[in-house]
Amino acid sequence: MEEGASRIRRRVSVRKRTWPGLASVCTAPAEPEAEVQEEEEEDAAGAGGRRRKTAQPAKHYDSEEDMFGDYDSFTENSILVQVDDLEQKYMQLPEQGKHATDFATEDLCSESIKDKLSISHVNDFTDYETGEQTEKQTGREDICAEPGDELLYDVPSSQVLYFENLQNSSDDLGHQSTKERDRSSCSHKNEELPHNHIKQPQPSDELSSKVPASSDTNRRKSIKDYLKSAMTGNAKAQTPIFSRNKQLKEALLSEEINVAKETIESSSDDLGPFYSLPSKVRDLYVQFKGIETLYEWQHTCLTLSCVQERKNLIYSLPTSGGKTLVAEILMLQELLCRRKDVLMILPYVAIVQEKISGLSSFGIELGFFVEEYAGSKGKFPPTKRREKKSIYIATIEKAHSLVNSLIETGRISSLGLVVVDELHMIGEGSRGAILEMTLAKILYTSKTTQIIGMSATLNNVQDLQEFLQAEYYSNQFRPVELKEYLKINHTIYAVDSKAESGMTFSRLLHYKYSDSLKKMDPDHLVALVTEVIPNYSCLVFCPSKKNCENVAEMLCKFLKKEYLKHKEKEKCELINNLRSISGGHLCPVLKRTVPFGVAYHHSGLTSEERKLLEEAYSTGVLCLFACTSTLATGINLPARRVILRAPYVAKEFLKRSQYKQMIGRAGRAGIDTIGESILILQEKDKQKVLELISRPPENCYSHLVQEFNKGIQTLFLSLIGLKIATNLGDIYRFMNGTFFGVQQKILLKEKSLWKITVESLRYLTEKGLLQKCPNPESEEELHCNFHITKLGKASFKGTIDLAYCDILYRDLKKGLEGLVLENLLHLIYLTTPYDLVSQCDPDWMIYFRQISQLSPAEQNVASLLGVSESYIAKKASGQATRKKVDKDTVNRLYLSFVLHALLKETNVWNVSEKFNLPRGSIQNLLTAAASFSSSVLHFCEELEEFWVYRALLVELTKKLTYCVKAELIPLMEVTGVLEGRAKQLYSTGYRSLMHLANADPDVLIKTIDHLSRRQARQIVSSAKMLLQEKAEALQEEVEELLRVPTDVPSAKA
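On a predicted model such as this, the values are computed, not experimentally measured, just so you know. (Residues numbered from 1 in each chain as written. Predicted model: local features only at pLDDT ≥ 70, side-chain atom pairs only at ≥ 80, totals over all residues. Heavy atoms only, no water.)

1. What about the environment of Gln839?
Working step 1: With respect to the helices, strands and loops of the structure, Gln839 is situated in the loop between helix H34 (825-830) and helix H35 (844-852).
Working step 2: Since its relative accessible area comes to 62%, Gln839 is described here as exposed.
Working step 3: Counting along the chain gives 52 residues from Gln839 to Asn891, while the straight-line C-alpha distance between them is 9.0 Å. (Helix = DSSP H or I, 4+ residues; strand = E, 2+ residues; numbered from the N terminus. Buried < 20%, exposed > 50% of the residue type's maximum accessible area, 1.4 Å probe, protein only.)

2. Points about the pattern of salt bridges
Working step 1: Per the counting criterion, the structure on display carries 30 salt bridges.
Working step 2: The network of salt bridges with shared partners includes Arg507, Glu531, Arg641 and Glu676. (Salt bridge = Lys/Arg side-chain N within 4 Å of Asp/Glu carboxyl O.)

3. Focus: a nonpolar patch on the surface
Working step 1: Together, Val1038, Leu1041 and Leu1042 make up an exposed nonpolar region whose accessible area comes to about 350 Å².
Working step 2: Following the sequence through the fold, Leu1041 ends up in helix H46 (residues 1013-1042). (Patch = residues over 30% accessible without salt bridge, like charges linked within 9 Å, V, L, I, M, F, W, Y side chains within 5 Å. Areas by Shrake-Rupley, 256 points an atom, 1.4 Å probe, with all protein chains shown as cover.)

4. Regarding the sheet that holds strand S13 (residues 624-627)
Working step 1: Pairing within the open sheet is mixed, and its eight strands lie in the order S10-S9-S8-S17-S14-S11-S13-S12. The outermost strands of the open sheet, each flanked by one partner alone, are strand S10 (503-508) and strand S12 (598-601). With strand direction ignored, the average angle separating the axes of adjacent strands in the sheet is 25°.
Working step 2: In the sheet, S12 pairs with S13 via four bridges, with the strands oriented parallel. Within the sheet, the bridge partner assigned to Val598 lies in S13 and is Leu624. (Pairing = 2+ DSSP bridges. Axes fitted to C-alpha atoms, helices over the stretch in contact; angles between N-to-C directions.)

5. Quick look at the confidence of the model for the protein chain
Working step 1: When pLDDT is averaged across the protein chain, the result is 78; 73% of the residues are at 70 or more.
Working step 2: Strand S2 (residues 341-345) holds the highest mean pLDDT among the elements of the protein chain, 97, whereas helix H2 (residues 22-26) holds the lowest, 38.
Working step 3: This stretch, residues 1-77, has a pLDDT under 50; its non-local contacts, to residues over four places away or in other chains, come to 115 contacts.
Working step 4: With pLDDT under 50 throughout, residues 169-221 is counted as low confidence; its partners more than four residues away or in other chains account for 83 contacts. (pLDDT = per-residue confidence, 0-100. Contact = heavy atoms within 4.5 Å.)

Right under this line is the structure:
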């Protein structure tokens, strides 16, 4: 920024110095070789013995003279001194005869101006012939002394007027000679000479002794003083245009100065070299990501006219085609060049955290903030920055809340760009409905926000284009060729769209199977994976989590012992690291499989384990993952060969989009020359699979009206709460612009959009979330206004599911009657997510053991909720229970016990053993509880009666978010630092955010076990980013406190 600004300043300064002003018109440039010298001369004829200096800059300027400091100093070489000399000599003329005066005037003007004048222009030079022959003929006919357009086209108007007045006063003395000079001037004014052929006469002081100056200095105002005053006034007023040349030149100069000012004010940096970005960005991509050149399609996409014109864009490419890089460059353009904030919407928390880590380094180097909006993290509304801009990396749910807060505070226009990854998710259930709401609100409320959507699997693009008012770009480019195969029994077929059956014979599997191996591995997985591992990587997608673990163990039973020696040292380090981050615990399955370079990957792993295993796979320590389909939509972990264990995800047959995402992981750019996918199927599924591989991806359909219109009701509540639309007509108009509105003819068979809108508004009114207010100006239902109630506003602000908002209100109200604060159990129960209750299946023996070990205060909580120990005892013993107890309350209390135990012990492994639950599931429960606790907090903030919950829930949310000892929380605020890593850092002396922000990555690598250089750099960058954000927020708070209010009452007179 500073470098770019200085360059602009230099450019403007040079333009000022080289523009032909008054000095350049009337003063000849000095010779390049001439040295600047100081001279002091006494003019004997001048009144008062005036001192003069040659090329001596003025020591001090008054306020008016400072305006011209970059042009000319008021010294001997300037026009002011020369005209002053001319004035003194001219004033002596009335004392001489008419004839003498006439020739004296001609001599003075001709010789002085001839010796001093060089007329030049930036683009063309209109000069007068000054050759020897012309000079010998007459000195008076070279240059016209009259200040006409050709001579004084760049002299300010006040000076031109003055010369005209001066000329008029001497008309009776030199009228004839003026005519002669005019004719001489006109005969030469169209002659053009190259600039280097123009003769530059040397300055002469001969005039100082030719005519004595007048001693009557008070007879009239000095020309010098007059011109100085006139020039000052001229700088403050608009100069009248006297010629076409002058008009064009002044317009050009004004335009250039305005462009320079706009460039400086926009704080842009080095526009142009790298897609309108500083060349530094290109260097950072080489340094941080090893990307030296872009693919041809990326260049094409970035230079599309619709992108240049900032139109909305949807682009689609196969997985691993490099879509994200294009999005990143567009985001950087928005942040650095247009100085607007950016929102990037990603589907999962893990991908958000990965992107935060990847972009933090760029933020530190280029001067923007990277803010995380996932889980319970994120501030609503976001902090308004003074100078630096922010990129918000958010999950679908958090992005919706963020956009709502920006609309509510009138800041939605500050959002310059919204990027949506996996755009096809707009057609997937309730999350798709939330994404649709978010984009529809942006389109409706901000005409300046650009939307970019990307996906690998899109079919009905026309509907999405109409909804987003977007252009479409598609390309089938893949950096690595992908070959698709099908395996039936021992035969492998190549997928061939040209073949009649859709496939052609490729080869037979030749692998010696023992009888025991045939029973254990009927799908010949061992044969398929041993063709590529350990030198290349392999992914085996399995239908279920349990199947992943079984496949990993089965493969290791039949792999040769030689696999143990491949990167043996690194695998030992990985096992030690897994044990250390888990407090000494190690998964028995991983203990057996990791030495062979094999591991499983699914949601049952803790986030710490998953991070370590993914890092090991990326570096080649692990060569095979047995994984679920979630890995295909998660972080990028490509492989040489991808094997699909079966054409099913759980019990559902594979979708085309899922299939394309899984096989898209085959082929690693820059490593592999080819990628292979093999789908294992049984003969009974052959026809379905052939249809699967040949048909286009599934269409995306809106889910706003799914699940009993829950999505559309949530949308209406927020529209009225944000005052985007407050009457039936406006809401109906808004709905026609949604993705659902585009597809209403396809989706609505029985009811019209109008009828659904009316019914949904009636439902919200009956539920007490909206209030109907008749419009006094119109009795028509179309113009009837709606207002949001306090309960409705609380539900909308807390993003509470409308199915649970009244239940939550009832539970919080009942909790006030006897809130138990001796422990956290009661508060934890109130923040346990409702949507997880139906998935809970308690182990009654464990339940009974836990409830029987409760303290008296904790037993009091269970009693208040209506769950007695005797009831649980009967359920554990299998006896019938006569007493009716709400099943949801019982299940919710069981989940509360799990969370309570986790907060007390902070060790997920111990809690996993105590409740016989997968450690990953417990961690997912904790994450969901932290997010819901944050929502309940916002819910309570809108209802005065729940004031007591506000302070309590702030601390509880923090505890649920980090679930560690208090001293580790500052370290875990840094993206990528989890509990195990935080303990390592704390024990080695890194105990605060400042420590991490100022850490040396090389020192971190040496002091922290099993920390890679890449991880160390990401931790330091994320810490620096977070520290800068906090410092900026504090500075803004200080400025806000010190700012003088505009409405301070003035003192009474």
